[in-house]
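# Examining the three-dimensional arrangement
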Amino acid sequence: MQPGGPNMQQILQQAQMMQQQLAVAQQELAEAEVTGTAGGGLVTAVVSGGGELKSLNIDPKAVDPDDVETLSDLVVAAVRDANRAAQELAAQKMGPLASGMGGMDDLGGLGKLFG
């Protein structure tokens, strides 16, 4: 190893710390729930931070036997809204970790091997 080059022990410690932070963020996302709505709250969808549909609530006022298509559209819109919120939450949780991985170039050029 060249004098003044990256300290391998320090690099490994940083990588381990990032791995732990990533695991914590992933666990927080798995436990998080976000809500999406449509039709002014007539349909509400709850999804996990990972995008899994947890529940769907439909206000009886939204149920019209002669217009099932509108209800279907409201359900789709509510689920999409909830998934968008889940993606935003994931970006908030994972964004700082991703930028930390992008900073690998600071490791004496060693990070370029991974990018």
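About the cut-offs
Residues numbered from 1 in each chain as written. Predicted model: local features only at pLDDT ≥ 70, side-chain atom pairs only at ≥ 80, totals over all residues. Heavy atoms only, no water. UniProt positions renumbered as here; feature names shortened; annotations may be inferred. Helix = DSSP H or I, 4+ residues; strand = E, 2+ residues; numbered from the N terminus. Contact = heavy atoms within 4.5 Å.

Labelled according to an unreviewed UniProt entry, the protein chain appears under the name Nucleoid-associated protein J2S66_005985, originating from Saccharothrix longispora. As its UniProt record puts it under Sequence similarities (unreviewed entry), the protein chain is described as follows: "Belongs to the YbaB/EbfC family." Per UniProt, the comment on the protein chain under Subunit (unreviewed entry) is "Homodimer."

### What about the environment of Gly49?
The topology assignment puts Gly49 in the loop between strand 2 (43-48) and strand 3 (53-58). Between the C-alpha atom of Gly49 and that of Val34, which follows or precedes it by 15 residues, the distance is 6.8 Å. Other than its neighbours up to four places away in sequence, Gly49 contacts Leu29, Ala32, Ala86 and Leu89.

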